[in-house]
Amino acid sequence: METVVLSVTWAIDWMRRTAVLVAAHRSELSELDRKIGDGDHGENLARGFAAVVAKLDAQPQPPALVGDVLRTAATTLMSTVGGASGPLYGTAFLRASRASSRVELDAQGVVVLLEACLEGVRDRGGAQVGDKTMLDAWAPAAEAAARVAAQGASPADVLRAAALAAREGTAQTAQLTAVRGRASFLGEASVGVADPGAASTALVIEAAHDAAVAAGRWAA
Amino acid sequence: MTGGDVTVGGDVGRVAPVGLVLVAHASELARGAASVARQMAPDVAIEAVGGFWVDGLESLGTDVDSVLAAVSRQLDGGRDVVVLGDLGSAVLTAGLVLELLEPSGAARVRVPGGPFVEGAVAAAVRAAGGAGLDEVAAAAHDAASQWNGARTAGEGTGAEVSDGEIPGDESVRVTLGNTTGLHARPAAVLARLVAGFDAKVTVNAAPAESVFELMKLAADGGAELEVAAVGPDATQAREAVVAAIASGLGER
């Protein structure tokens, strides 16, 4: 497991697994969004990642670099996801693609990728940690990834730590009051409901981990 | 719209160097805001982009590709661009478009943030006067200040105009010649008029280049207004403004 690096095949599998996972949680995400937003987050993301998979499938040759896969994801999400999550995920994957212009990623490469996503979401949305946004999942995920990678963990274990931290961060958003986006109009009434953007972020990172575990099985 | 005829100092028929792209969650909203802004500033290139299309049907949202295309059309036309959005995600979309543009193009685009309709009108009027990119962006952004409280007509006095402190700084009193008062359209006419002069003009101490500052005066028809000007063209500007106010700014 320790020797496994993540390839272009992993990146494509990550997108496929994200599409499946988001589609499976479509109603749950939209239900969270109905309570504190406009109720379309699950539908929008499911449509977006399905389009990403279709776009990747339609490419005659597999992309050469991990970043190429992520760039396809970025541009497709921008064009197919309405609402705030389109530009946010679009920017996250665009920055990640620039940070991953490589054939394969080691553990440190995974950290760089997650930090690029975090930076993209922060720059685009202008939110801070604690504002009850998807940043509350990306930030702990990137932090946990860097911590575990520094201890010499494998890429899969780095993603495992990131996915758990993102899920924990999402759970904590339920305690927070929204100060960004349409949920902010609800103020205190937003307390008690987890942020749908954080919840979908946790799924995206979970899919990255699942794909890394699968890559390890194939390599073994 | 009579503004086109009334424009003095601006080049009627020439397209302003700064264009607008209005981004809304619904195409009706974007088109409506563009119509309101165009009425005030017919010589400004305004693109309306609204809604998000899924399988040929419009749903609520904003579309990065359409916004990018609209901004690119403005840039290709040689115009700098101010982009305004209606709700948070429209502004996010605009920010992403900036990131997707070549740096040379992005340097000619501003996303100032501000109230959608008021910002569009303020920016359009400022652009119609030939203002530069940052000035037009500031007009959109500062349009939010109109909710900070209305000035009242007559509040400004000759004393505020500080007689003689700055060369050319003399004030003239004039009676507003239309019946409906200094509402949006005549305020826009006035703002565009002063933009054509190299002078700083105030009406009851409100900066005359700002359509919203003028509207905040809440001056009714027949109100007595104090016009002051400083700068190289002060005398001509003041005379033109006084004449325009007296004649009702294109209205009776």
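For every chain, the first residue of its written sequence is number 1, and the numbers climb from 1 along that sequence. Chain labels run from A onward and ligand labels from 1 onward, assigned in the order the entries are written. Thresholds applied to this predicted model are a pLDDT of at least 70 for local features of residues and 80 or more for the giving and counting of side-chain atom pairs; totals over whole chains, interfaces and linings are not thresholded and use all residues.

(A) The overall build of chain A, seen in detail. Elements are defined by DSSP. Helices are runs of H or I of four residues or more, strands are runs of E of two residues or more, and each kind is numbered from the N terminus. On a plain count of helices and strands, chain A comes out with nine helices and two strands. Walking chain A from its N terminus toward its C terminus, one meets helices and strands in the order β-α-α-α-α-α-β-α-α-α-α. The C-alpha atoms of chain A give a radius of gyration of 16 Å, which matches the 17 Å a tight globule of 220 residues would have. With respect to the three principal axes, the spread of C-alpha positions in chain A is 50 × 40 × 30 Å. Counting other C-beta atoms within 10 Å of each residue's C-beta, where C-beta atoms are placed from the backbone, gives the exposure class: buried for 20 or more, exposed for 12 or fewer, partly exposed between. Counting over 220 residues, chain A shows a buried share of 61%. Distance between backbone-placed C-beta atoms decides contact: two residues are in contact if it is within 7 Å. Across chain A, every contact between residues at least 6 apart in sequence was considered, and the portion connecting residues at least 24 apart equals 70%. Our radius of gyration is a C-alpha quantity, and the globule rule it is checked against amounts to 2.2 Å times the number of residues to the power 0.38.

(B) Representation of the overall build of chain B within the structure. The number of helices and strands found in chain B is 10 helices and 10 strands. Looking at the 252 residues of chain B, the share that counts as buried comes to 53%. Once local pairs closer than 6 in sequence are excluded, the contacts in chain B between residues at least 24 apart make up 76%.

(C) Representation of the pairing of strand β5 (residues 80–85) of chain B. Residue and element names in this part refer to chain B. Where burial is concerned, most of β5 is hidden: six out of the six residues are buried. The alternating pattern of β5 places Asp 80, Val 82 and Leu 84 on one face and Val 81, Val 83 and Gly 85 on the opposite face, and all of these are buried. With six bridges joining them, strand β1 (residues 18–24) and β5 adopt parallel strand pairing. When the sheet's bridge partners are listed, Val 23 is paired in β5 with Gly 85. For two strands to pair, DSSP has to find at least two bridges joining them. Sheet topology places β5 next to strand β6 (residues 109–110); two bridges connect them, and they run parallel. By the bridge assignment, Val 82 is partnered in β6 with Arg 110.

(D) Structural view of the interface of chain A and chain B. Across the contact, 14 residues belong to chain A and 13 residues belong to chain B. With five residues, the single largest contributor to the side of chain A that touches chain B is helix α5 (residues 85–99) of chain A.

(E) Representation of the domain arrangement of chain B within the structure. Residue and element names in this part refer to chain B. The split into domains, and so the bounds of each, comes from an automatic or database assignment of domains. The domain boundaries assigned to chain B delineate domain 1 (3–147) and domain 2 (158–246). In this assembly, 20 residues from domain 1 lie in contact with 17 residues from domain 2. Secondary structure elements with two or more residues in the side of domain 1 that touches domain 2: α1 (3–6) and α6 (116–128). It is α6 that provides the largest number of residues to the side of domain 1 that touches domain 2, a total of six residues.

(F) Main features of unusual backbone geometry. All names here are of chain B. For Asn 204, which is not glycine, the phi dihedral falls at a positive 50°. Looking at where Asn 204 falls in the secondary structure, it is placed in the loop between β8 (200–203) and β9 (206–207). You can call Asn 204 buried: it has 27 C-beta atoms within 10 Å. Not every positive phi belongs to a glycine, and Leu 249 is a case in point at roughly 55°. Residue placement: Leu 249 occurs in the segment after α10 (234–246). On the basis of neighbour counts, which here come to 24 C-beta atoms within 10 Å, the residue Leu 249 falls in the buried class.

(G) Quick look at the environment of Ala212(A). Checked against the element boundaries, Ala212(A) lands in helix α9 (residues 196–219). The residues touching Ala212(A), leaving out its near neighbours within four places in the chain, are Leu6(A), Trp10(A), Pro155(A), Ala156(A) and Leu159(A).

(H) Representation of the sheet that holds strand β2 (residues 46–50) of chain B. Residues and elements named next belong to chain B. Overall, parallel pairing links the four strands, which are arranged β2-β1-β5-β6 in an open sheet. Strands with a single pairing partner mark the edges of an open sheet, and in this sheet they are β2 and β6. Its contacts with the sheet put helix α2 (residues 27–40) on β1 and β2, and the angle it makes with β2 is roughly 160°. Packed onto the sheet, helix α7 (residues 133–142) meets β1, β5 and β6 and runs at close to 15° relative to β5. Angles run from 0 to 180 degrees between N-to-C directions of axes, and those axes are lines fitted to C-alpha atoms, restricted for helices to the stretch in contact.

(I) Main features of the nonpolar core. Linking buried Ala, Val, Leu, Ile, Met, Phe, Trp, Tyr and Cys residues through C-beta atoms within 7 Å yields a set, and such a set is a nonpolar core. Formed by 166 residues in total, the largest nonpolar core has its most connected members in Ala145(A), Ala162(A), Leu20(B), Leu22(B) and Ala124(B). Counting residues per element, this core draws most heavily on α9(A), which supplies 11 residues. When we break this core down by domain, the ones giving at least three residues each are domain 1 (3–147) and domain 2 (158–246) of chain B. Apart from residues no more than four positions distant in its own chain, Ala162(A) is found in contact with Leu114(A), Ala141(A), Ala144(A), Ala145(A) and Ile205(A).

(J) Region of the structure containing the environment of Val81(A). Residues and elements named next belong to chain A. Its place among the elements puts Val 81 in the loop between α4 (66–80) and α5. A C-alpha to C-alpha distance of 5.2 Å links Val 81 and Gly 48, two positions 33 residues apart in sequence. Once residues lying within four places of it in the same chain are set aside, the contact partners of Val 81 are Asn 44, Leu 45, Arg 47, Gly 48, Gly 86 and Tyr 89.

(K) Seen up close, the sheet that holds strand β7 (residues 170–175) of chain B. All names here are of chain B. Strand order in the open sheet formed by four strands is β7-β10-β8-β9, and the pairing between neighbours is antiparallel. Whereas interior strands pair on both sides, the edge strands pair on one side only; in this sheet they are β7 and β9. Against the sheet, α10 engages β7, β8 and β10 (224–230), with an angle of about 160° to β10.

(L) How the structure looks around the environment of Pro186(B). Residue and element names in this part refer to chain B. Within the fold, Pro 186 resides in helix α8 (residues 184–195). Separated by 42 residues in the primary sequence, Pro 186 and Ala 228 place their C-alpha atoms 18 Å from one another. Contact partners of Pro 186, with chain neighbours within four places excluded, come to Asn 178, Leu 249, Gly 250 and Glu 251.

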